[in-house]
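Structure at a glance
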Amino acid sequence: EPEVTQTPSHQVTQMGQEVILRCVPISNHLYFYWYRQILGQKVEFLVSFYNNEISEKSEIFDDQFSVERPDGSNFTLKIRSTKLEDSAMYFCASSPSPRSYNEQFFGPGTRLTVL
Amino acid sequence: GEDVEQSLFLSVREGDSSVINCTYTDSSSTYLYWYKQEPGAGLQLLTYIFSNMDMKQDQRLTVLLNKKDKHLSLRIADTQTGDSAIYFCAESMGGGYQKVTFGTGTKLQVIP
């Protein structure tokens, strides 16, 4: 069964460093998303992406964040200068088409630890 | 803004029914979802309900929606140890790329 994959599963970085989190969405999906979950808190929407541009973003998704679909298979989230408070689990998701109930298929997550 | 609240923990005995509750604030929510997360895995959509429905049943799962009170529940009949996971209530306005707003998740522990 096709699934969303994410790499790495765990990333440790120093504050101020740039990180790139990688996702491979399901191959025929058209909509892509990033969410994050700080330990003990809710899963929060960051950004949605369609047709090579951002469709919607939350207030969390500031200038330090960017997303890219560099080729036909990868979808990346870049954090330019990481802060301690960026430590969280980051989930990528994809959905096939604008079906009404919008089923999003999630990857297993990348745990980002900023020291 | 949208907010979704759940209790954090539920413990049940194998074979009993589990009921996980959720409240939400956004009256324009069109779709309400239950996601399941097993250890080391992503969020898996279990079921969803459209806001004009009161109930939806899918095998051992029953979803009840009280739109007036903005209350959603998930009942798992004959709970098994394999049902142990974190269950997330979520809502969205539906449509193509609309964001999904999640609750904190309820950790269900099934005692053999």
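Figured I'd write up the structure that's included with this text. (Residues numbered from 1 in each chain as written. Chains lettered and ligands numbered in written order. Predicted model: local features only at pLDDT ≥ 70, side-chain atom pairs only at ≥ 80, totals over all residues. Heavy atoms only, no water.)

Some details on the overall build of chain A
Defined as follows: For helices the rule is a DSSP run of H or I covering at least 4 residues; for strands it is a run of E covering at least 2, with both sets numbered from the N terminus onward. We take the radius of gyration over the C-alpha atoms and set the globule estimate at 2.2 Å times the residue count to the 0.38 power.
For chain A, the count of helices and strands is zero helices and eleven strands. Its helices and strands taken in sequence order, chain A reads β-β-β-β-β-β-β-β-β-β-β from the N to the C terminus. By the compact-globule yardstick of 13 Å for 115 residues, chain A fits well, its C-alpha radius of gyration being 13 Å. Seen through its C-alpha atoms, chain A measures out along the principal axes to roughly 40 × 30 × 30 Å.

What to know about the interface of chain B and chain A
Rules: Any two residues whose heavy atoms approach within 4.5 Å are treated as being in contact. Here's the idea: put two parts together, see how much 1.4 Å probe accessible area each one loses, and the total over both is what we call buried area. Salt bridges are defined by distance alone: a side-chain nitrogen of Lys or Arg within 4 Å of a carboxyl oxygen of Asp or Glu. We define a polar contact as two N or O atoms separated by no more than 3.5 Å, with the added condition that, inside protein, one atom must be a possible hydrogen donor and the other a possible acceptor, whereas residues neighbouring each other in sequence contribute only through side-chain atom pairs.
The partner chain A presents 23 residues to the 24 residues of chain B that form the contact. Between chain B and chain A, a total of about 1,900 Å² is buried, with carbon and sulfur atoms accounting for 57% of that surface. Counting across the interface, chain B meets chain A through two salt bridges. Residues E5 of chain B and K42 of chain A are paired through a salt bridge, measuring 3.2 Å at the closest nitrogen-oxygen approach. Our count for the chain B to chain A interface comes out at four residue pairs in polar contact (both at pLDDT 80 or more).

What about the state of the cysteines?
Heads up, the rule is: Here, two cysteine sulfur atoms that lie within 2.5 Å of each other are counted as a disulfide. The classification of residues rests on relative accessible area computed with a 1.4 Å probe and restricted to protein chains. Under 20% of the type maximum is buried, over 50% is exposed, and intermediate values are partly exposed.
Taken as a whole and judged by the stated rule, the model has two disulfides over all chains. The partner cysteine of C23 of chain A in its disulfide is C92 of chain A, sulfur to sulfur 1.9 Å. Sign of the S-S torsion, about -65 degrees for the bond between C23 of chain A and C92 of chain A, identifies this disulfide as left-handed. Linking C23 of chain A in strand β3 (residues 19–24) with C92 of chain A in strand β9 (residues 88–95), this pair joins segments that are 69 residues apart in sequence. Here C92 of chain A falls in the buried class, since its relative accessible area comes to 0%. Here C22 of chain B pairs with C89 of chain B through a disulfide, and the sulfurs are 1.9 Å apart. Disulfide C22 of chain B-C89 of chain B: torsion about the S-S bond near -65 degrees, hence left-handed. Here C22 of chain B is found in strand β3 (residues 18–24), whereas its partner C89 of chain B is found in strand β9 (residues 85–92), with 67 residues between them in sequence. Just as C22 of chain B is buried, C89 of chain B falls in that class too.

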